[in-house]
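# Topology and contacts: notes
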Amino acid sequence: MRTPRLSRRAVLAGTAATVACTAVSGAAVSPAVAAPVAGGSAYRWRNVVIGGTGFVTGVLFHPSVRGLAYARTDIGGAYRWDDRGSRWTPLTDHLGWDDWNLLGVEAIAVDPGHPGRVYLALGTYAQSWAGNGAVLRSEDRGATWSRTDLDVKLGANEDGRGAGERLLVDPRDSDTLWLGTRHDGLLKSTDRGVTWAAVSGFPAKASASGQGVVFLVAAGRAVYAGWGDGDGTSGTANLYRTVDGTAWEAVPGQPSGTAAKVPIRAAYDTHTRELYVTYANAPGPNGQSDGSVHKLRTATGKWADVTPVKPGGTTDDGSADTFGYGGVAVDARRPGTLVVSTNNRWADIDTVYRTTNGGRTWTSLKDAAVFDVSETPYLKWGDDKPKFGWWIQALAVDPYDSKHLVYGTGATLYGTRDLKRWAPQIRGLEEASVVQLVSPPAGEAHLLSGSRDIGVMYHERLTASPARGMAANPVFGSATGLAQAAAKPSYVVRSGWGDHGNGACSNDGGRTWAPFEAQPDIAKNAPGPIATNADGSALLWSFVHWDGTKYAAHRSTDNGTTWSEISSFPKGATPVADPADPTLFYAYDTDTGTLYASTDSGRSFTARAGGLPAGDAQFKLVAAPGRSGDLWLSAKWNGLYRSTDGGASFSKVASCWASYTLGFGKAADGADYPAIYQVGSTEAITAVYRSDDEAKTWTRINDDAHQWGWTGEVVVGDPRVYGRVYLATNGRGIQYGEPLR
């Protein structure tokens, strides 16, 4: 579940095995409402508001219901739009620890004739190490679900994830569904998604490494399928159709060449009976440098090139204006009116083109766009104003409002009601992949966070996106470290991937920042976790490349002006400061299962306890607040360990059999030890727990409707509010829970 350097959205290489398709019946899931769990404590769970932060890969307006829409994301589940409340409702938070691979949504389908029906094709990775995909089906717009597990893998966070919907309700029969896969061809269900079988007559041949079916779209009573594995020559088809649901054929006369190598999306104008298809020379969202837009008059079979602007020009500064085409959506109310988007256009910035005459002429909506991102200020990315967007592949026009247009980017979903003024239409949709959390003991903010893709944030309020946006000076793409001096909470340090420095410090609790005066040379290519001792007089910075290569840690005692190598520090380990004694640091060597300690403010380290669990870089060491030498080690299914002598010895905690991450918060009334929170297992289920008696007993505090897939990165309690806990997720942002009173 670790991801490479710049993004949790980078595609992991590998070859998925080709497998046969069978089906297993699914079970209905309860609606997502706060409720007590057996033997547990009732909690109310909400998102800490940031607003989006991830790749919205698809948006689908229901063609028959005003104000109803659905959105899919690459790693953060699916959502339903509530038009009255102007917000998105998450639909897949019930998916738990063992189903982490199902938080990526490959495709959504709705039934035009049955407004309550919605279907999801789930599966984040199609690699050999990932689980198989699944199809969820609902009769009540996602309030409850039934599930069918597939014997094939889907890849919602792999190349091609911004392509069209690979799931479709047949236009002739609502009981029939089609599902396009990446490596296993075309599947068909005749019982509304309960069982699935391979379509033997589909002409294109699947491979273990290809894109496979990239979209399915209805055009009248016909179904068209885009194929992502053509070579761009006229002898290799990339668009197929069936007019009777049985026989498939390559569409005659389809375009060829590099600019039409991979079909990305398609949309059908029912008034003119024309099918519009966007193309690129790669599946995207990265790697596209050429593309085109074509339309097919389905009644006559005549094709026409309607590309708004040919890729390959030169910008004013001499850069090559390369890009592909991505999204396409037709206006259901106006014949010949549609929009298309460019994608991967970094030199001249992506745009959305609109035509009202079937593609004879186009207008770039970017040219007159006015943005208001005051609700999510981070979208400025440290600049004066936001960009129009990037990775624009999700694109939709409201079938009941021709001027209500939305498009997804790598960070948000923008909407307009007049084709000029734009604002994020993202409320309720939270997709951050969070890797650091700090809850300060004092100050305005109760929370600081560090995430992949959006760096560090200072949360003045939990219910509004941070007013300062991303931490700037410098701006980081992905954060790798965040630490606060325990005895001097105004002093905070951070590290991460950035183009203008990889480390920074704050003297006002994280409101404002200044880059380190200097940094070790390795910091630019391998910025790892960072720590400050209790009084802020010493910094320790560990370095780990995104490919896992570990380097020597460095130390600074002058606020980052100079750095010296620490040869005795275990390479790649996470430094942990003692919260009470500024001379003490700790580090857990996950390669050898050895605890190292420093008694000279990080100048040197010596081995203490050994023979502990080893072999997993995700084992985590934390220090209990306000105490010296009180250490806790989460070693996954190896269990939870504790040391009260600064790591000289550890004992295994008997009250749980698995611990993935652990943190502390304000003690319960009458208790003399902080409340402990962990993601772990005390019985069969992996869940979020709280202990008020020093880990003697645990109470589950989340319920089956609030699980959020994989949650093993970080959990912290609030040192000022008993019972409040902050939980990092990998695609559902920061969740915070409070006891129901």
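Residues numbered from 1 in each chain as written. Predicted model: local features only at pLDDT ≥ 70, side-chain atom pairs only at ≥ 80, totals over all residues. Heavy atoms only, no water.

Helix and strand counts for the protein chain stand at zero helices and 58 strands. In terms of principal-axis extent, the alpha carbons of the protein chain reach across some 80 × 60 × 45 Å. A total of 741 residues make up the protein chain; the buried ones form 61% of that total. Seen as two clouds, the 71 positive and the 74 negative side-chain charges of the protein chain have centres 4 Å apart. (Helix = DSSP H or I, 4+ residues; strand = E, 2+ residues; numbered from the N terminus. Buried < 20%, exposed > 50% of the residue type's maximum accessible area, 1.4 Å probe, protein only. Lys, Arg positive; Asp, Glu negative; His and termini not counted. Charge placed at Lys NZ, Arg CZ, Asp CG, Glu CD.)

This part is about the sheet that holds strand β21 (residues 302–305). Read from one edge to the other, the open sheet built from four strands follows the order β18-β19-β20-β21, with strand pairing classed as antiparallel. The sheet terminates laterally at β18 (262–269) and β21, the two strands that pair on one side only. Here the average twist between neighbouring strands, direction ignored, is 25°. Examined bridge by bridge, strand β19 (residues 274–280) and strand β20 (residues 291–297) share seven bridges and lie antiparallel to one another. (Pairing = 2+ DSSP bridges. Axes fitted to C-alpha atoms, helices over the stretch in contact; angles between N-to-C directions.)

So, about the pattern of salt bridges. Where side chains of opposite charge bring their charged atoms close, a pairing between them can arise. All chains considered together, the criterion is met by 33 salt bridges. A salt bridge links E249 to R241; the nearest nitrogen and oxygen atoms lie 3.1 Å apart. Its relative accessible area of 37% is what places E249 among the partly exposed residues. For R427, the salt bridge is made with E375, and the minimal N-O distance between the two is 2.8 Å. Of the two residues, R427 is situated in the loop between β32 (421–424) and β33 (433–438) and E375 in the loop between β28 (370–371) and β29 (395–397); the sequence distance between them amounts to 52 residues. Bridged by salt links that share partners, the residues D111, R117, E139, D175 and R192 form one connected network. (Salt bridge = Lys/Arg side-chain N within 4 Å of Asp/Glu carboxyl O.)

Let us now look at the side chain of R137. Inspection of the secondary structure assignment puts R137 in strand β8 (residues 134–138). Buried within the structure, R137 lacks any salt-bridge partner; D191 is the closest side chain of opposite charge, at an N-O distance of 7.0 Å. Within the structure, R137 has its side chain in polar contact with the side chain of T148 (distance 2.8 Å). (Polar contact = N/O pair within 3.5 Å; in protein donor to acceptor, adjacent residues only side chain to side chain.)

Here the focus is the pairing of strand β40 (residues 527–532). Counting buried residues in β40 gives six out of six residues, a clear majority hidden from the surface. Pairing analysis gives four bridges linking β40 to strand β41 (residues 539–544), with the strands arranged antiparallel. Its bridge partner lying in β41, I530 is registered against W541.

With that settled, the discussion passes to the environment of P625. Along the chain, P625 falls in the loop between β48 (620–623) and β49 (631–634). Here the alpha-carbon distance between P625 and G133, two residues 492 residues apart in the chain, equals 42 Å. Ignoring sequence-local partners within four residues, the contact set of P625 consists of P579, F664 and P674. (Contact = heavy atoms within 4.5 Å.)

This part is about unusual backbone geometry. A negative phi angle characterises most non-glycine residues, just as the trans form characterises most peptide bonds. Put simply, G284 and P285 share a cis peptide bond, and its omega is 5°. In this structure, P285 sits in the loop between β19 and β20. Of note, the bond from N473 into P474 is cis; its omega dihedral lies within 30 degrees of zero at 0°. Secondary-structure assignment places P474 in the loop between β35 (455–459) and β36 (479–485). A positive phi angle, near 60°, is found at R141, a position not held by glycine. For R141, the location among the structural elements is in the loop between β8 and β9 (146–149).

Here we take up the nonpolar core. Among soluble globular proteins, nonpolar side chains are generally buried collectively. In this structure, V352, Y378, L405, Y407, L437, Y726 and I734 are the most contacted members of the largest nonpolar core, which totals 36 residues. Elements represented by at least two residues in this core include exactly β29, β30 (405–408), β33, β57 (725–728) and β58 (734–739). For V352, the contacting residues outside a window of four places in its chain are V339, V340, S341, T363, S364, L365, K366, F388, I392, L395, L405 and Y407. (Core = buried A, V, L, I, M, F, W, Y, C linked by side-chain atoms within 4.5 Å.)

What follows covers a positive patch on the surface. A contiguous patch of positive charge, built from R66, R333, R334 and K403, is present on the exposed surface. Its place among the elements puts K403 in the loop between β29 and β30. K403 sits in the partly exposed class, given a relative accessible area of 38%. (Patch = residues over 30% accessible without salt bridge, like charges linked within 9 Å, V, L, I, M, F, W, Y side chains within 5 Å. Areas by Shrake-Rupley, 256 points an atom, 1.4 Å probe, with all protein chains shown as cover.)

Attention now goes to the environment of V330. Checked against the element boundaries, V330 lands in strand β24 (residues 324–330). By relative accessible area, V330 is classed as buried at 16%. Sequence separation of V330 and Y276 is 54 residues, and the distance between their C-alpha atoms is 8.6 Å. Ignoring sequence-local partners within four residues, the contact set of V330 consists of A267, Y268, D269, Y276, T337, L338 and V397.

In this section: the sheet that holds strand β55 (residues 699–700). The four strands lie next to each other as β52-β53-β54-β55, forming an open sheet whose pairing is antiparallel. The open sheet has two edge strands with one neighbour each: β52 (658–665) and β55.

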